[in-house]
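Given next are the chains, with one letter for each unit.
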Amino acid sequence: MRMRGRPVTSPGFEPVAGNGLLDRRILLRSGIALAGGLTGASLARAEPLKDDPWSLAQGTTTAPIEPHSRFEQNVQRTLTNPNGEPRTQHARAPLHLLHGTVTPNELHFTIVHNGSPDIDPAKHRLVIHGMVKQPLVFTLDKLARYPMTTRMAFVECAGNSAPMFSNEPIQATIQALHGLVSNAEWTGVPLSILLDEAGLDPKAKWVIAEGADTGALDRSIPLRKCMDDALIALYQNGERIMPGNGYPMRLLLPGFEGNMNVKWLRRLLVTDQPAMTYFESRNYSPLLPTGKAYKFYFINEVKSFITHPSFGHALEGPGYYDISGLAYSGTGRIARVMVSADAGRSWAEAALQEPRLPMAFTRFRMPWRWDGQPVILQSRAWDEAGNSQPLRAEFVALRGQARTVPNVTAFTNQHYNSITSWGIGSEGEVKHVYA
Amino acid sequence: MSMPRRIAPALLAFALNVAPLAAADSPRLGAPISEADIGAWNVTVFPDGTGLPPGNGTAAAGAMVYADKGCAACHGENAAGGANVGLVGNPPLDRIEARKTIANFWANATTLFDIIRRWMPWPSPRTLSNDEVYALTAYILALNKIIGEQDVMNAQTLPKVKMPNRDNFIIRFPDRI
């Protein structure tokens, strides 16, 4: 499988960065050229082909809701509280087992603090009141008659990637490290339309959004975000929003931390001051090494990680691999992703899969020929606003790291957006490393 | 719709110099409601005391509510912690994983009243009287030595409670507010 000794048919197959990273432009060429350039000479000959039993028998009966293949039953969310004890329940998305950019609805991450309320959509109400000319109540049927907007958006818990604050790399899958982010197509009513109809007091500056869940979870949202791109989302990937994501309606604040995207939304209180609610006062005010803390962090900053290969995968042996991962930013489109196979000494530009949409997952790919030696894979993203994903040393200098190795499900701190590094051993095993 | 009819509301709005109104052809399908009729849902309390209801309570009364409502089942005896989080304690904020407590972290005492009224007691939220919520608030603040044992918490006194860590917050993205 080595390039050595074989004629180089195209400049694209020359490594463009250390340890075998190839030119991303080969991904844009025809399949024939790709096959010609990458087929190895040393693969064992394939077995003769014959019909398998499933090709000779009646297949399964079509169901109203299509079940997954029985061979894909391991593609599940991981749960922290499967028996619904009186504490928060987290469900992490299996990002290391998915591809593309859309998170299927039943695999979208969720965090719920009191279980998901069993809301009758015909009886659900959304009220807008406070510093408005006329408080208004909306039913789901009435909202469904409004002009709607469809857009892709990631939603990410501010505590996603918290295991990365550990002082030593925790050996865990992407699902465990970064599984509290997902990406979906959301359809809903622009909140600005409803606020305009209620008539804003010119002194209004904040909106307190509250859910219909048992704890009536609430967050203070800057009014300017509500008037910019906020949606009252009714649909998720084309179907009604899943219960764990806020059925029948949630607030969608593209790029803002997940907890602010209030689920089961029932009340919007327009005010001139923040409420300093429990979640914004405590959980989502990240503590700094100085002992001070950030408040009103709001934005999930530019971030990327390699999903393929990642911890839990194993490389079969030397040869060609498609390195692939996810990049996203709460401040716009992804502009560039660089990949390194030598722990950051050299970098090559990854191919970005279209469409690149603001505040949504972008899939990146990097052609790679592994020579079988130990390497360290990393990705680093930039967004169109000019923000770059900080290197780990930079990030730790500002935000610190834990003094001990925390439990992998612990929320050590919030808003980690630095690099993730995968060490590939000579046997093809993938370890989480800091580099 | 003829042109003159579309123009008229816009001219009217301009003449009255009011805040931007919804477009004349906005759906307008929301049903008007009065603030009084929103009452039961309006449980938000602000740091300046806006939203605090009438009533009052002391730490001694709060200790009785704490026992009577079974709060210890989750939060432990003397609110020291149990199946769920403890409500007392003041560890130093000397590491980024430090436990954030009411005493060492929370900026506003009003947040405590709000979250008790909103979320407690498990699993029957919003069943406490206002006096009971004030009493529990006083009990927990007194256990944390933020107020005195005899201090009465009500709509006037609670917003004036100075939380020890209130000045240690940095707004991360001021330009987003």
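Everything quoted here is computed from the prediction, not taken from an experiment. (Residues numbered from 1 in each chain as written. Chains lettered and ligands numbered in written order. Predicted model: local features only at pLDDT ≥ 70, side-chain atom pairs only at ≥ 80, totals over all residues.)

Visitor: An account of the overall build of chain A is needed here, citing residue identities and associated values.
Guide: Within chain A, the secondary structure is distributed over seven helices and 23 strands. For 435 residues, the compact-globule estimate of 2.2 N^0.38 gives 22 Å, and chain A sits close to it at 24 Å. For chain A, the spread of C-alpha atoms along the principal axes amounts to about 80 × 65 × 40 Å. Taking all 435 residues of chain A together, the buried fraction comes to 48%. (Helix = DSSP H or I, 4+ residues; strand = E, 2+ residues; numbered from the N terminus. Rg over C-alpha atoms; globule rule 2.2 N^0.38 Å. Buried ≥ 20, exposed ≤ 12 C-beta atoms within 10 Å, placed from the backbone.)

Visitor: So, the overall build of chain B: which residues are in play, and what are the values?
Guide: Within chain B one finds six helices and four strands. The helix and strand sequence of chain B, counted from the amino end, reads α-β-α-β-α-α-α-α-β-β. With 177 residues in all, chain B has 31% of them scored as buried. At a minimum sequence separation of 6, the contacts of chain B that also span at least 24 residues come to 58%. (Contact = placed C-beta atoms within 7 Å.)

Visitor: For the sheet that holds strand E3 (residues 110-112) of chain A, give the residues involved together with the corresponding values.
Guide: Residues and elements named next belong to chain A. Across the sheet, which stays open at both edges, the three strands sit in the order E1-E2-E3 with antiparallel pairing between neighbours. Looking at the sheet topology across the chains shown, the edges are occupied by strand E1 (78-79) and E3. Relative to E3, strand E2 (residues 89-92) is paired through three bridges, and the arrangement is antiparallel. Within E3, the position partnered with His-90 by the bridge is Ile-111. (Pairing = 2+ DSSP bridges.)

Visitor: Describe the pairing of strand E20 (residues 362-370) of chain A, with residues and values.
Guide: Residue and element names in this part refer to chain A. Within E20, eight of the nine residues are buried, which leaves it mostly tucked inside the rest of the structure. Pairing of strand E16 (residues 319-328) with E20, which is carried by nine bridges, proceeds in the antiparallel orientation. Residue Gly-319 lies in a different strand from E20, and its bridge partner there is Trp-370. One ladder, built from two bridges, connects strand E19 (residues 351-352) with E20; its direction is antiparallel. Following the sheet pairing, Leu-352 is matched in E20 by Phe-364.

Visitor: Requested: an account of the packing of helix H3 (residues 59-68) of chain B against helix H6 (residues 130-143) of chain B, with residues and values cited.
Guide: Working note: a packed helix pair is described by the angle between its axes plus the distance between those axes. Residues and elements named next belong to chain B. Two numbers describe how H3 lies on H6: the axes approach to 7 Å, and their chain directions differ by 105°. The orientation of H3 relative to H6 falls into the category roughly perpendicular. Residue-level inspection shows Ala-59, Ala-61, Gly-62, Ala-63, Val-65 and Tyr-66 of H3 in contact with H6, the latter providing Glu-132, Ala-135, Leu-136, Ala-138, Tyr-139 and Ala-142. Looking at the contact of H3 with H6 residue by residue, the class counts come to ten nonpolar, one polar and one charged. (Axes fitted to C-alpha atoms, helices over the stretch in contact; angles between N-to-C directions. Parallel < 35°, antiparallel > 145°, perpendicular 65-115°, else oblique. Nonpolar A, V, L, I, M, F, W, Y, C, P; charged D, E, K, R; others polar.)

Visitor: Could you give an account of the confidence of the model for chain A, with specific residues and numbers?
Guide: All names here are of chain A. Mean pLDDT for chain A: 94, with 94% of residues reaching 70 or above. In this model residues 1-9 is a low-confidence stretch, pLDDT under 50, and it forms twelve contacts with partners more than four residues away in sequence or in other chains. Contacts from residues 32-37, a stretch scored under 50 in pLDDT, to residues over four places away or in other chains number eight contacts. (pLDDT = per-residue confidence, 0-100.)

Visitor: Now, about the interface of chain B and chain A: what can you tell me, with residues and values included?
Guide: The interface is formed by 50 residues belonging to chain B together with 56 residues belonging to chain A. In the side of chain B that touches chain A, the residues fall into 31 nonpolar, eight polar and eleven charged.

Visitor: Mind laying out the nonpolar core, listing which residues take part and the relevant values?
Guide: Ile128(A), Val207(A), Ile232(A), Ala138(B), Tyr139(B) and Ile140(B) are the most contacted members of the largest nonpolar core, which has 145 residues in total. Take this core: its biggest share by element is ten residues, from H6(B). For this core, the domains that each give at least three residues are domain 1 (125-281) and domain 2 (303-433) of chain A. Not counting residues within four places of it along the chain, the set of residues in contact with Ile232(A) comprises Leu126(A), Leu143(A), Gly188(A), Val189(A), Leu191(A), Met249(A), Leu251(A) and Leu265(A). (Core = buried A, V, L, I, M, F, W, Y, C linked by C-beta atoms within 7 Å. Domains from an automatic or database assignment.)

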